[in-house]
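# Residue-level structure breakdown
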Amino acid sequence: MKHRVLLLGLGFWGSRWLELILKTDRSELAGIAGSEKELKQACEKYGIDPAITFTDFKEAIAKTDAEIAVVVLPGVLHLEADRLALEKGMNIITEKPLAMNLEQADALMELKEKYPKQKFMASQNYRWRPYNQAMKHAIESGMIGKVESILLEFRQQEDLQGYRAGLEMPLLQDVSIHHFDLLRFFTGADCKEINCQAWRPSWSLFNGKPNADGILHMENDIVVTYSGSWAARGKETSWDGNFTITGDKGCLTLDSDNRVLFYEHRKADAVVIDTSRQEGVEVPQPEMKYTEMEYGFQMFMDCLEQDLIPETTLEDNYKSFRMVMAAQESACTGKTAACNQAS
C-alpha cells in the first residue's frame, strides 16, 4: 500500500517535494496544486496526468482523496489550507512559515486540538543533516559537560527572490526559524526570553533590516549570543550558521565546512600573552540512509504506519515559531520579549 499525497504549492520547494514524492516507492501523487504555468511544466517534465492538477488549492483538497497533504503554499494561505486539509481527514506536512503571526499560530494550535488522531509535522530539514545529528549526539553523550553558553553566527549574501525583497526584517522573518529550531534541537531546552535588535547596513540590497543581534535566555541556564546578517560581504557561513557550544568540559564547534570539532578544556598553568592554538578533534558524523526533507518524509510515513509521534510536531514547532515572534517583537519595541507558551 502506498501513501497517497496531495502537494499544495509548486514553487522552488514545492518542486523539490514533487520530485521526492514521485521517486519514493512508499508514496503516490494523488493531486497537485499550483499555477497554470507550473502545472503545465510539471505535467510535461514528469508525465503527470492533468486530471489530478488544480490551480485552486481549495478545489484540490475538496476533490482529492489523499492521506497526506504537503503544504508548500505562500504563508498567507497556510492556515486556510491546514484547516481544509484537517477537515478532509488528511495528515499534514508543512513547510515554513508555520503561520504569518502569533494569532494565526495560536488559531492553528486550537484547530489541531479538534483532530487529535491526525498527524501534523513541520519540515525542519536542518535537523536531519549528518553534522547536526553529530552535534546533537555529542552534547547528549556529555562530551562537553553541562552546556551554558552558545555563540551562533550567520552570514550570507542577500536573496531577494519572491516575497523576501519586501520583508521588514528578512533574516528574522525567513531564516532565523532554522537557527532557533537548531538551538532547541541541540540543547533540548526551550527559550524563555529574547532581547534583539534588527538593523540595516548601508550596502544592503534589502530595503528592510537584514541584520539581527540578540541575547537569548533558555532553560537550564543556557545563554545564547546570536549574530546574523543576510547582507554579508566577504566571508560567509553555511546556512546553518557557525556554532560554538560551550560546557564545563570544553566546546563543540560547527564550521562553514560542516565539520563538528571538539575542543577539550585544558586549564592553563599560567597566564601568557602569546597563547598557543589548540587543534580540535573532529567528531565523526553518522551515516544516514535519508537526510533533509527525505528523512522527514520517511519518518512521517513510519509514524502513520506505526502510530508514532513525529519529531517535529505542530506543538514542537510552535515553540520555535514563538522564538521568531519574540525576536521580532523585541526588535520593534526595544524591550526583552517573553517566549513562554501562552496556548
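Right above here is the structure, for reference.
A brief report on the enclosed structure follows. Bear in mind that the values here come from a model prediction, so they are computed numbers and not experimental data. (Residues numbered from 1 in each chain as written. Predicted model: local features only at pLDDT ≥ 70, side-chain atom pairs only at ≥ 80, totals over all residues. Heavy atoms only, no water.)

## Description of the sheet that holds strand β5 (residues 91-94)
This is how the line gets drawn: In this scheme, strands are said to pair when DSSP sees at least two bridges between them. Put simply, DSSP H or I for four residues or longer makes a helix, DSSP E for two residues or longer makes a strand, and each gets a number counted from the N terminus. Residue contacts are counted whenever heavy atoms from the two residues lie within 4.5 Å of one another. Axis geometry follows a simple rule: fit a line to the C-alpha atoms, using only the stretch in contact for helices, then measure angles between N-to-C directions, giving values from 0 to 180 degrees.
The strand order across the open sheet built from six strands is β3-β2-β1-β4-β5-β6, with neighbouring strands paired in parallel fashion. Looking along the sheet, the strands with just one partner apiece sit at the ends: β3 (53-54) and β6 (120-122). As paired elements, strand β2 (residues 27-33) and β3 share two bridges and run parallel to each other. Looking at the pairing, Ile32 lines up with Thr53 of β3. In the packing of helix α1 (residues 12-23) onto the sheet, contacts are made with β1 (3-8), β2, β4 (68-71) and β5, and the angle to β2 comes to roughly 150 degrees. Relative to β5, helix α8 (residues 292-306) is tilted by about 165 degrees, and along the sheet it contacts β1, β2, β4, β5 and β6.

## Concerning α8
For the α-helix, the turn length of 3.6 residues means that residues three or four positions removed from each other point alike. Just so we agree on the cut-off: Every helix has an expected span of 1.5 Å times one less than the residues it contains. Three labels apply to residues, based on accessible area from a 1.4 Å probe with only protein chains included: buried if under 20% of the type maximum, exposed if over 50%, partly exposed otherwise in between.
Taking 1.5 Å as the rise per residue, α8 with 15 residues should run 21 Å; its terminal C-alpha atoms sit 21 Å apart, in good agreement. Regarding α8, the residues found buried are Met293, Glu294, Gly296, Phe297, Gln298, Met299, Phe300, Met301, Cys303 and Leu304. Backbone geometry just after α8 places Asp307 at a positive phi near 55 degrees.

## Quick word on the layout of surface pockets
Worth spelling out the cut-off: In this analysis, the protein atoms alone were mapped onto a 1 Å grid. Cavities are point sets where a 1.4 Å probe fits without being able to get out; pockets are open sets with protein on both sides within 12 Å along at least five of seven lines; lining residues have an atom within 4 Å of a point. Grid points are joined across faces, edges and corners, and a volume is the space filled by probe spheres set on the points. Ten residues, namely Ala, Val, Leu, Ile, Met, Phe, Trp, Tyr, Cys and Pro, are considered nonpolar, four, namely Asp, Glu, Lys and Arg, are considered charged, and the remaining ones, Gly among them, are considered polar.
Of the pockets and cavities examined, the largest pocket occupies roughly 1200 Å³. Listed by contribution, the elements that provide at least two residues to the lining of the largest pocket are α1, α7 (170-187) and α9 (314-333). Its residues assigned to classes, the lining of the largest pocket shows 22 nonpolar, 14 polar and eight charged.

## So, the side chain of Ser176
Locating Ser176 in the fold gives a position in helix α7. The residues touching Ser176, leaving out its near neighbours within four places in the chain, are Leu171, Tyr226 and Val324.

## A word on the packing of aromatic side chains
Threshold: Aromatic pairs are defined between Phe, Tyr and Trp rings, using the six-membered ring for Trp, whenever the two ring centres lie within 6.5 Å; interplanar angles under 30 degrees are classed as stacked, those over 60 as edge-to-face, and all others as tilted.
Summed over the entire model, instances satisfying the criterion amount to nine aromatic pairs. When the ring of Phe185 is compared with that of Phe186, the centres are 5.9 Å apart and the planes differ by 40 degrees; the resulting orientation is tilted. Accessibility classification places Phe185 together with Phe186 in one group, the buried group. Considering the side-chain rings of Phe206 and Trp230, the 5.4 Å spacing of their centres and the 45 degrees angle between planes classify their relative orientation as tilted. With Phe206 in the loop between β8 (191-199) and β9 (211-218) and Trp230 in the loop between β10 (222-229) and β11 (242-247), this residue pair connects regions lying 24 residues apart in the sequence. When sorted by exposure, Phe206 lands in the same class as Trp230, which is buried. An aromatic cluster is built from Phe154, Phe206, Trp230 and Trp239, whose rings are joined through pairwise contacts.

## Observations concerning the side chain of Thr64
Stated formally: Pairing of N or O atoms within 3.5 Å defines a polar contact, subject to two protein rules: one partner must be a possible hydrogen donor and the other a possible acceptor, and residues neighboring in sequence count only if both atoms are side-chain atoms.
For Thr64, the location among the structural elements is in the loop between α3 (57-63) and β4. From its side chain, Thr64 meets the backbone oxygen of Ala60 in a polar contact 2.6 Å long.

Geometric descriptors of this kind do not, in isolation, establish any biological role.
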